[in-house]
Protein chains: 2
Amino acid sequence: MTVDTQQVTFDSISLDSGATLAPVEVAYETYGQLNGKRSNAILILHAFSGDAHAAGVSREGGQPGWWDNMIGPGKGFDTNKYFVICSNVLGGCRGTTGPSSIDPATGKPYGGNFPGITIADMVRLQKKLIDHLGIEKLLAVAGGSMGGMQALQWAVSYPDAVAAALPIASTARHSAMQIAFNEVGRQAIMADPDWNNGNFYEANLPARGLSVARMVGHITYMSDESMRQKFGRRFRDKDGPGFDFSADFEVESYLRYRGSQFVTRFDANSYLYITKAMDYFDIAAGKASLAAALEGAKSRFLVISFTSDWLYPSYQSLEIVSALRGRNQDVAYCELPSNYGHDAFLVEVGEQTDLVRGFLDATYREVNRP
Amino acid sequence: MTVDTQQVTFDSISLDSGATLAPVEVAYETYGQLNGKRSNAILILHAFSGDAHAAGVSREGGQPGWWDNMIGPGKGFDTNKYFVICSNVLGGCRGTTGPSSIDPATGKPYGGNFPGITIADMVRLQKKLIDHLGIEKLLAVAGGSMGGMQALQWAVSYPDAVAAALPIASTARHSAMQIAFNEVGRQAIMADPDWNNGNFYEANLPARGLSVARMVGHITYMSDESMRQKFGRRFRDKDGPGFDFSADFEVESYLRYRGSQFVTRFDANSYLYITKAMDYFDIAAGKASLAAALEGAKSRFLVISFTSDWLYPSYQSLEIVSALRGRNQDVAYCELPSNYGHDAFLVEVGEQTDLVRGFLDATYREVNRP
């Protein structure tokens, strides 16, 4: 299945910070067909470094989508049955307006002048896209990690536009540890002299800082066990210590490679703005409790977490589940066994597929009940 | 108790890499009195960023030692009874020869020309110090984290010179995850243009890179729970998001502060060399098994780990315990409850004191049996 990324431009968007972005572009892809009643649309929400290319093979890059194992004909998000949409988030660098986009006021990239954004801002822009596509009510909003935050925000911001929400390996708010790891990544980028307060587009990219930031991220996405299985203490091209600072261990060369690859596809300023949006996110902010914050949601919920995910541990998913159950809202929860750490939501296809398929089928039957 | 750091110079030391350092200096402190039989000496081994100042108040800096809550009159390592020694490790930057020391061949700091070092090299230099002090057999070698690696190495390298070994919150070898976190720190330092291949002593220190490295380290020394208790999601001097990249959250300003403080007291090259020594350390390297590697040890062992220590998890201590028990060696093990993560070995004084005191008393009775 070859897919094209599409783009739509809106006049403007008002942000939580009080700023306005005008115009604002959104990159998105769709898979499957919207039915006549427009009742089979599912919005997929990507994680921190994801993009609109969630499934199929990109005509442009030839690469499969980041959740291609979950989205497609006969898959968990079955495109024979559902119309699936995925867009790049506000603040991103893959076709949606972000810090690397041209500021019409200056004719140059926004850089450090891009306004601060929130998860709610991302969702507000997605709502414009859904309106543009003529969809009044989504069958489901679904995503892992930061995608799960957006799913929660959708359920709260637009309760009448969401029949089901699937926050996966996610949280209602970042813990101090999650903020801390994001902050290390930001500091690594800002420590790079090439970052230049965000104004680097006409000079060198802050490649060294961004690479270090990505290395930290990668460790937190794996687990002690998955790293042991994948790398152990194997030396690379050597029998033992090299007594220098080249990559001795396989895990070192892997991280360096992933860091350097990331630099070719991700914008350092998007890294800063999007991680801040994640850290600021607190669906219960200004409310008496998480239960009070979620009680306006009218959707059904399927919450999934993974046993070895220490970055978004199961207790964070359980907080969401408890809050919903406390108000007698419709919520199913499953903690799936996995050694893959936070990456599990991207790679553990089997049980996740069964859970998602059953949940979507039931939701579809209910929504389309005669 | 005011203490002075002392220093001794040896002609040379041969390293595992094949290189020789000549001369080599050692900074050390002692607390308590060596008895007439020279049978009450305990060598304390410091962790990655520690130094010789383990206890008492430094005459020079006025600061308490890094393990002052465990070492002193009436404390776990009771200086009324024992003669306690602590030295700065080889490769360090607090008085013992390391990359910031003057290379006699050039009259300038070694910098990137410092030879690669191992935990066994550190121990070899400590043995010179113990010989210099006229001690044939240590009552105990004890340390947390990298100090525990040195304790294991002592027991294996000099079985006749050690009556008891106390590896605390430590491991027989680094896991892929431990190597990975160290590698991120190294990459952060080497990404700083001021690092200049290790030759920065006559110019700017690689302060930004070293600070980021330390921030990563600090997160791994804490636990999800201890960070929640200490910082939560509290904003600093603000009620909510600042929509910029200054420190919004308390955890951010804490990490930045600790990072910037570290730069004033630690050498970036020592960071590289010592973390590499930790990563290379594998007490079982070249042996059929961990049990085979440890079977030459003649000492008693007390192994301690902490429940919330996810950087040096209890399973790593249990590997040591199992290997020793499998060969019927004398080993006691205790996993202590704590929320402090890896930092627990530095702060959980109560139960640790009881365990250490009882173990040392029994060892002392056995060694001094009439």
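Residues numbered from 1 in each chain as written. Chains lettered and ligands numbered in written order. Predicted model: local features only at pLDDT ≥ 70, side-chain atom pairs only at ≥ 80, totals over all residues.

### Remarks on the overall build of chain A
Turning to step 1, where the next piece is worked out: Scanning chain A from terminus to terminus reveals 11 helices and 16 strands.
Turning to step 2, where the next piece is worked out: In summary, chain A has a C-alpha radius of gyration of 20 Å against a globular reference of 21 Å for 370 residues, a match within 12%.
Turning to step 3, where the next piece is worked out: Taken along its principal axes, the extent of the C-alpha atoms in chain A is 70 × 50 × 45 Å.
Turning to step 4, where the next piece is worked out: When the 370 residues of chain A are sorted by exposure, 59% land in the buried category.
Turning to step 5, where the next piece is worked out: Across chain A, the fraction of contacts at a sequence separation of at least 24, relative to all contacts at a separation of at least 6, is 71%. (Helix = DSSP H or I, 4+ residues; strand = E, 2+ residues; numbered from the N terminus. Rg over C-alpha atoms; globule rule 2.2 N^0.38 Å. Buried ≥ 20, exposed ≤ 12 C-beta atoms within 10 Å, placed from the backbone. Contact = placed C-beta atoms within 7 Å.)

### Quick word on the interface of chain B and chain A
Turning to step 1, where the next piece is worked out: On the side of chain A, 42 residues touch chain B, which itself brings 42 residues to the contact.
Turning to step 2, where the next piece is worked out: Contributing elements (two or more residues each) for the side of chain B that touches chain A: helix 3 (176–191), helix 4 (207–221), helix 5 (224–230), helix 6 (250–263) and helix 7 (268–280) of chain B.
Turning to step 3, where the next piece is worked out: Element by element, the count of residues in the side of chain B that touches chain A is highest for helix 3 of chain B, at 12 residues.
Turning to step 4, where the next piece is worked out: Taken together, the residues that form the side of chain B that touches chain A break down as 24 nonpolar, 6 polar and 12 charged. (Nonpolar A, V, L, I, M, F, W, Y, C, P; charged D, E, K, R; others polar.)

### Focus on the packing of helix 4 (residues 207–221) of chain A against helix 6 (residues 250–263) of chain A
Packed helices, taken two at a time, are described by the angle their axes make and the gap between the axes.
All names here are of chain A.
Turning to step 1, where the next piece is worked out: Helix 6 packs onto helix 4 with a crossing angle of 125° between their chain directions and a minimal axis gap of 8 Å. Looking at the two axes, helix 4 sits oblique to helix 6. Seen along the crossing, helix 4 lies across helix 6 with a hand that is right-handed. Counted together, A207, L210, S211, V212, R214, M215 and H218 of helix 4 and L255, R258, G259, S260, F262 and V263 of helix 6 form the full contact between these two elements.
Turning to step 2, where the next piece is worked out: A per-class count over the contact of helix 4 with helix 6 returns 7 nonpolar, 4 polar and 2 charged. (Axes fitted to C-alpha atoms, helices over the stretch in contact; angles between N-to-C directions. Parallel < 35°, antiparallel > 145°, perpendicular 65-115°, else oblique. Left-handed = near helix turned anticlockwise from the far one by under 90°.)

### Quick word on the sheet that holds strand 16 (residues 331–336) of chain B
Residues and elements named next belong to chain B.
Turning to step 1, where the next piece is worked out: Overall, mixed pairing links the 8 strands, which are arranged 2-5-10-6-13-14-15-16 in an open sheet. Edge positions in the sheet fall to strand 2 (6–10) and strand 16, since each of these pairs with one other strand and no more. The sheet shows a mean angle of 20° between the axes of neighbouring strands, taken without regard to direction.
Turning to step 2, where the next piece is worked out: Judged from the 4 bridges that link them, strand 5 (residues 24–31) and strand 10 (residues 83–87) form a sheet pairing that is antiparallel. By the bridge assignment for strand 10, Y28 is matched with S87.
Turning to step 3, where the next piece is worked out: Contacts between helix 1 (residues 119–132) and the sheet are confined to strand 2, strand 5, strand 6 (41–45) and strand 10, with strand 5 contributing the most and set at about 60° to the helix. (Pairing = 2+ DSSP bridges.)

### Section: the environment of P193 of chain A
Residue and element names in this part refer to chain A.
Turning to step 1, where the next piece is worked out: Within the secondary structure layout, P193 lies in the loop between helix 3 (176–190) and helix 4.
Turning to step 2, where the next piece is worked out: A tally of 15 C-beta atoms within 10 Å means that P193 is categorised as partly exposed.
Turning to step 3, where the next piece is worked out: The sequence separation of P193 and K298 amounts to 105 residues, and the corresponding C-alpha distance is 48 Å.

### Section: helix 7 of chain B
Turning to step 1, where the next piece is worked out: Helix length check: helix 7 of chain B, at 13 residues, gives a terminal C-alpha distance of 19 Å against a target of 18 Å (1.5 Å per residue), a fit within 8%.
Turning to step 2, where the next piece is worked out: The buried fraction of helix 7 of chain B amounts to 13 of the 13 residues, a majority that puts the element mostly inside the structure. (Expected span 1.5 Å × (residues − 1).)

### Considerations on the environment of E29 of chain B
Residue and element names in this part refer to chain B.
Turning to step 1, where the next piece is worked out: Position of E29 relative to the elements: it lies in strand 5.
Turning to step 2, where the next piece is worked out: E29 sits 218 residues away from A247 along the chain, and the two C-alpha atoms are 39 Å apart.
Turning to step 3, where the next piece is worked out: Residues within four places of E29 in sequence aside, it is in contact with V3, T5, Q6, A52, H53, A54 and C86.

### A look at the domain arrangement of chain A
Residue and element names in this part refer to chain A.
Turning to step 1, where the next piece is worked out: Looking at the assigned domains, one finds that chain A contains domain 1 (2–175 + 280–367) and domain 2 (179–275).
Turning to step 2, where the next piece is worked out: Listed as interface residues are 23 residues of domain 1 and, on the opposing side, 19 residues of domain 2.
Turning to step 3, where the next piece is worked out: In terms of residue class, the side of domain 1 that touches domain 2 is built from 10 nonpolar, 12 polar and 1 charged. (Domains from an automatic or database assignment.)

### Some words on the relation of the copies chain B and chain A
Turning to step 1, where the next piece is worked out: Superposing chain B onto chain A requires a rotation of 180° together with a translation of 0.0 Å along the rotation axis, leaving an RMSD of 0.0 Å. Between the two chains, the operation in question is that of a two-fold axis.
Turning to step 2, where the next piece is worked out: Here 100% of the contact residues of chain B are again contact residues in chain A; the copies associate through an equivalent surface. (Least-squares fit on C-alpha atoms with pLDDT ≥ 70 in both.)

### Here we look at the pairing of strand 6 (residues 41–45) of chain A
Residue and element names in this part refer to chain A.
Turning to step 1, where the next piece is worked out: The element strand 6 is largely enclosed, with a buried count of 5 among its 5 residues.
Turning to step 2, where the next piece is worked out: Because side chains alternate across strand 6, one face comprises the buried residues A41, L43 and L45, and the other comprises I42 and I44, equally buried.
Turning to step 3, where the next piece is worked out: Pairing between strand 6 and strand 10 (residues 83–87): 4 bridges, direction parallel. For I44, the partnering residue across the bridge sits in strand 10 and is C86.
Turning to step 4, where the next piece is worked out: Strand direction decides the pairing type here: strand 6 and strand 13 (residues 140–144), joined by 4 bridges, are parallel. Across the sheet, the residue bridging to I42 is A140, located in strand 13.

### Quick notes on the sheet that holds strand 2 (residues 6–10) of chain A
Note: strands within a sheet are paired through backbone hydrogen bonds, in either parallel or antiparallel orientation.
All names here are of chain A.
Turning to step 1, where the next piece is worked out: Here 8 strands make up an open sheet; going across it, the order is 2-5-10-6-13-14-15-16 and the pairing mixed. At either margin of the open sheet sits one strand with a lone partner, and together these are strand 2 and strand 16 (331–336). The mean inter-strand angle of the sheet, taken between neighbouring strand axes irrespective of direction, is 20°.
Turning to step 2, where the next piece is worked out: As judged from the 3 bridges shared by strand 14 (residues 164–168) and strand 15 (residues 300–306), these two strands associate in the parallel manner. If you follow A164 over to strand 15, its bridge partner there is R300.
Turning to step 3, where the next piece is worked out: This element, helix 1 (residues 119–132), spans strand 2, strand 5 (24–31), strand 6 and strand 10 of the sheet and lies at about 60° to strand 5.

### A closer look at the nonpolar core
Turning to step 1, where the next piece is worked out: With 251 residues, the main nonpolar core has I42, I44 and V84 of chain A together with I42, I44 and V84 of chain B as its most contacted residues.
Turning to step 2, where the next piece is worked out: Ranked by the residues each element gives to this core, the list is headed by helix 3 of chain B, at 10 residues.
Turning to step 3, where the next piece is worked out: Discounting chain neighbours no more than four positions away, the residues touching V84 of chain A are T30, Y31, G32, I42, I44, A55, I71, F77 and T79 of chain A. (Core = buried A, V, L, I, M, F, W, Y, C linked by C-beta atoms within 7 Å.)

### Looking at the pairing of strand 16 of chain B
Turning to step 1, where the next piece is worked out: Strand direction decides the pairing type here: strand 15 (residues 300–306) of chain B and strand 16 of chain B, joined by 6 bridges, are parallel. Within strand 16 of chain B, the position partnered with F301 of chain B by the bridge is V331 of chain B.

### A few points about the confidence of the model for chain A
Close inspection of predicted coordinates is inappropriate for parts of the model with low pLDDT.
Turning to step 1, where the next piece is worked out: Averaged over every residue, the pLDDT of chain A is 97; the share at 70 or more is 100%.
Turning to step 2, where the next piece is worked out: As a predicted assembly, this complex carries a pTM of 0.97 together with an ipTM value of 0.96. (pLDDT = per-residue confidence, 0-100.)

### A closer look at unusual backbone geometry
Turning to step 1, where the next piece is worked out: Note the cis peptide between A22 of chain A and P23 of chain A, where omega equals -5°.
Turning to step 2, where the next piece is worked out: Following the sequence through the fold, P23 of chain A ends up in the loop between strand 4 (20–21) and strand 5.
Turning to step 3, where the next piece is worked out: Located in the positive-phi region is S145 of chain A, a residue other than glycine, with phi close to 60°.
Turning to step 4, where the next piece is worked out: Following the sequence through the fold, S145 of chain A ends up in the loop between strand 13 and helix 2 (146–157).
Turning to step 5, where the next piece is worked out: Backbone geometry at A169 of chain B places phi at a positive 50°, although glycine is not the residue there.
Turning to step 6, where the next piece is worked out: Along the chain, the position of A169 of chain B falls in the loop between strand 14 (164–168) and helix 3.

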